[in-house]
Amino acid sequence: MPITAVFLVFFLIPVILVVVISFFDYQTYDILIPDFTLMNYQDVFSSSVTYETYWTTAKLSLIVWAVTLVLGFTLSYFLAFHVRSRSRQVVLLLLCTIPFWTSNEIRMISWIPLLGRDGVVNTVLQTMGIVKQPLEWLLYSKFAVVLGYVHLYTVFMIVPIFNSMMRIDKSLIEAAVDSGAKGWQVVLNIILPLSKSGLAIGSIFVISIVMGDFVTVNVLGGGQVASIGKVIVTDLSSLQFPPAAAESMVLLAFVIILIAALVKIVDIRKEL
């Protein structure tokens, strides 16, 4: 009952309210008009700009997912199988969480003096003679947004994968090595299949968070990168709550479909 109550109060009821508001009418910079209209959803599905925005958001999420998956698996493998001391594993894992000691905005702003036109990276590259002109695409671009996402959310991939790897029976690996299996064979045939639950959970975390993020796009995109999260925030700042609610529900449905596909591939409950 307590878990059900928390689920109802903090998830189900707010979602129902958003669904209801998504069918309301509205006027620019005016209060909500209680009504039942499909106009907000029609605007979402009839605009080519909206389709492009969703597609851009999906591409960014896919790129970030792939990069964080590789980094998360590699770092988790190192922590689980190459760091023997449990205390060192805990310390190194905690180091991965240090960026979360500050707000997202501060962490994103810290990239500006590094990637800017006169930033550290461009200065070093020009001093070494690697480039003659500053690289404009380092900041306020999709590259900067992806870099910011990877910086923020790789830890969400590391923790569940590391947890799955720590539950692997080490005797399986020893038996494989004694039977003549090479390192890559151990990874592909033992570690990877037994880490499926961690990979799936980490993927759900990263994809769902990136799809709705708008802070990183605002700070590192510099108005040059569009995302559906940014569109929703723009509507909210203009007091256009019904279209923001409709866009939120379409985004939620899209994320749920992706998560359902992942769960279809990996039975998380069975793996756990």
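These numbers come from a predicted model, not from an experiment.

### Some words on the nonpolar core
Formed by 40 residues in total, the largest nonpolar core has its most connected members in F73, F81, V145, Y149, M165, I191 and L220. With 12 residues, the single largest contributor to this core is helix α8 (residues 142-166). The residues touching L220, leaving out its near neighbours within four places in the chain, are M108, W111, L139, Y140, S141, A144, V145 and G148.

### Overview of the UniProt feature "domain: ABC transmembrane type-1" (unreviewed entry) in the protein
The residues that UniProt annotates with the feature "domain: ABC transmembrane type-1" (unreviewed entry) are residues 54-262. Along residues 54-262 the backbone is 76% helical and 0% strand, and the end-to-end C-alpha distance reaches 20 Å.

### So, the packing of helix α3 (residues 48-81) against helix α11 (residues 196-212)
Between two packed helices, the angle of one axis relative to the other and the distance separating the axes together describe the packing. α11 packs onto α3 with a crossing angle of 145° between their chain directions and a minimal axis gap of 9 Å. Like other packed secondary-structure pairs, α3 and α11 cross with a definite hand, here right-handed. Of α11, the residues touching α3 (which contributes T57, A58, S61, V64, W65, T68, L69 and F73) are L199, S203, V206, I207, V210 and M211. Tallied by class, the residues present in the contact of α3 with α11 amount to 10 nonpolar, four polar and no charged.

### A look at the side chain of E247
With respect to the secondary-structure elements, E247 resides in helix α14 (residues 241-265). Buried charge without a partner: E247 forms no salt bridge, and the closest opposite charge is K230, 13 Å away. Not counting residues within four places of it along the chain, the set of residues in contact with E247 comprises V44, Y54, I228, V231, I232 and D235.

### Side note on the packing of aromatic side chains
Applying the stated criterion across every chain yields a total of eight aromatic pairs. Relative to Y41, the ring of F23 lies with its centre 5.2 Å away and its plane at 40°, an arrangement referred to as tilted. Of this pair, F23 sits in the loop between α1 (2-22) and β1 (25-26) while Y41 sits in helix α2 (residues 39-46); the two residues are 18 residues apart in sequence, bridging distant segments of the chain. The two residues F23 and Y41 agree in class, both being buried. On the basis of an interplanar angle of 45° and a centroid distance of 5.3 Å, the ring pair of Y77 and F81 is categorised as tilted. With a gap of four residues between them, Y77 and F81 both fall in helix α3, about one helical turn apart. Exposure remark for Y77: the relative accessible area of 24% places this residue in the partly exposed category.

### As for the UniProt feature "transmembrane region" (unreviewed entry) in the protein
As recorded in UniProt, the feature "transmembrane region" (unreviewed entry) lies at residues 5-24, 62-83, 90-112, 143-162 and 241-263. Taken end to end, residues 90-112 has its terminal C-alpha atoms 31 Å apart, with 57% of it in helix and 0% in strand.

### A few points about the environment of I168
Secondary-structure assignment places I168 in the loop between α8 and α9 (170-178). Sequence-distant contacts of I168, that is, excluding residues within four places in its chain, are made with F81, I191, L194 and S195.

### Details of the packing of α3 against α8
Contact geometry for α3 and α8: axes closest at 6 Å, N-to-C directions at 45°. The orientation of α3 with respect to α8, classified from their angle, is oblique. Every pair of crossing elements has a handedness; the one defined by α3 and α8 is right-handed. Split into classes, the residues belonging to the contact of α3 with α8 amount to 24 nonpolar, five polar and two charged.

What counts and what doesn't
Residues numbered from 1 in each chain as written. Predicted model: local features only at pLDDT ≥ 70, side-chain atom pairs only at ≥ 80, totals over all residues. Heavy atoms only, no water. Core = buried A, V, L, I, M, F, W, Y, C linked by side-chain atoms within 4.5 Å. Buried < 20%, exposed > 50% of the residue type's maximum accessible area, 1.4 Å probe, protein only. Helix = DSSP H or I, 4+ residues; strand = E, 2+ residues; numbered from the N terminus. Contact = heavy atoms within 4.5 Å. UniProt positions renumbered as here; feature names shortened; annotations may be inferred. Axes fitted to C-alpha atoms, helices over the stretch in contact; angles between N-to-C directions. Left-handed = near helix turned anticlockwise from the far one by under 90°. Nonpolar A, V, L, I, M, F, W, Y, C, P; charged D, E, K, R; others polar. Lys, Arg positive; Asp, Glu negative; His and termini not counted. Salt bridge = Lys/Arg side-chain N within 4 Å of Asp/Glu carboxyl O. Phe/Tyr/Trp six-rings, centres within 6.5 Å; stacked < 30°, edge-to-face > 60°. Parallel < 35°, antiparallel > 145°, perpendicular 65-115°, else oblique.

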